[in-house]
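The chain contents come next:
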Amino acid sequence: NIVRKAAESDEIEDDDGWGTTSVDRISKSQELARLQDEMTMKKQQNNKSSQISSSNRIENEERDLFIPIFALVSIMGFTGLYGYEMLRLYSRGELYLPWNN
């Protein structure tokens, strides 16, 4: 019991109630400062890279049009296919229309 009380009194000074000692808190605060420095460096690099020449911006804008162009071509293709199928079935007399019973 005496040894346990002595150990507990030493740990009480260093323990913050969450099982973290003062050494852990110092190392975590150092790690936090290091991560914050890394984030600011990355933000500065991003700001520098955003100030790239206009030719690179034009390339990015052209690349960004891929998805809308692909979507429009797909919609037009499927609409054409649907129309073709409708005409094919109509020409054979197989097209079912509920109002033409």
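From a predicted model like this one, the values you see are computed outputs, not experimental measurements.

## Some remarks on the overall build of the protein chain
Each helix and strand in the protein chain was counted, giving four helices and zero strands. From first element to last, N terminus to C terminus, the protein chain shows the α and β order α-α-α-α. Taken over 101 residues, the protein chain has a buried fraction of 1%.

## Section: a nonpolar patch on the surface
A cluster of nonpolar side chains, namely Leu 65, Ile 69 and Val 73, defines an oily patch on the protein surface of about 280 Å² accessible area. Along the chain, Leu 65 turns up in the loop between α3 (54-64) and α4 (66-92). According to the relative accessible area criterion, Leu 65 is partly exposed, its value standing at 46%.

## Some details on the pattern of salt bridges
Under the counting rule described, the total for this entry stands at two salt bridges. Glu 38 is the partner of Arg 34 in a salt bridge, and the nearest nitrogen-oxygen pair spans 2.7 Å. One end of the pair is Arg 34 and the other is Glu 38, both in helix α2 (residues 22-50) and four residues apart, which spans about a single turn. A residue is classified by how much of its surface remains accessible, and Arg 34, at 42% relative accessible area, is partly exposed. Judged by its relative accessible area of 34%, Glu 38 is partly exposed.

## A short note on α4
Under the 1.5 Å per step criterion, the end-to-end length of α4 is 39 Å for 27 residues, consistent within 8% with the ideal 39 Å. Gly 93, located one to two residues past α4, shows a positive phi value of around 80°.

## Let's talk about the confidence of the model for the protein chain
Of all residues in the protein chain, 66% attain a pLDDT of 70 or more, and the chain-wide mean is 79. The element-level mean pLDDT for the protein chain is lowest in helix α1 (residues 2-14), coming to 58, with α4 highest at 95.

## Section: the packing of aromatic side chains
A full pass over the atoms with the stated rule returns one aromatic pair. Seen from their ring centres, Phe 66 and Phe 70 are 5.8 Å apart, and the 25° between their planes marks the pair as stacked. Taken together, the positions of Phe 66 and Phe 70, both in helix α4 and four residues apart, correspond to about one turn of that helix.

## Comments concerning the environment of Met 86
Position of Met 86 relative to the elements: it lies in helix α4. We classify Met 86 as partly exposed; its relative accessible area is 30%. Put simply, Met 86 and Tyr 96 are ten residues apart on the chain and 9.7 Å apart in space, counted from C-alpha to C-alpha.

How each quantity is defined
Residues numbered from 1 in each chain as written. Predicted model: local features only at pLDDT ≥ 70, side-chain atom pairs only at ≥ 80, totals over all residues. Heavy atoms only, no water. Helix = DSSP H or I, 4+ residues; strand = E, 2+ residues; numbered from the N terminus. Buried < 20%, exposed > 50% of the residue type's maximum accessible area, 1.4 Å probe, protein only. Patch = residues over 30% accessible without salt bridge, like charges linked within 9 Å, V, L, I, M, F, W, Y side chains within 5 Å. Areas by Shrake-Rupley, 256 points an atom, 1.4 Å probe, with all protein chains shown as cover. Salt bridge = Lys/Arg side-chain N within 4 Å of Asp/Glu carboxyl O. Expected span 1.5 Å × (residues − 1). pLDDT = per-residue confidence, 0-100. Phe/Tyr/Trp six-rings, centres within 6.5 Å; stacked < 30°, edge-to-face > 60°.

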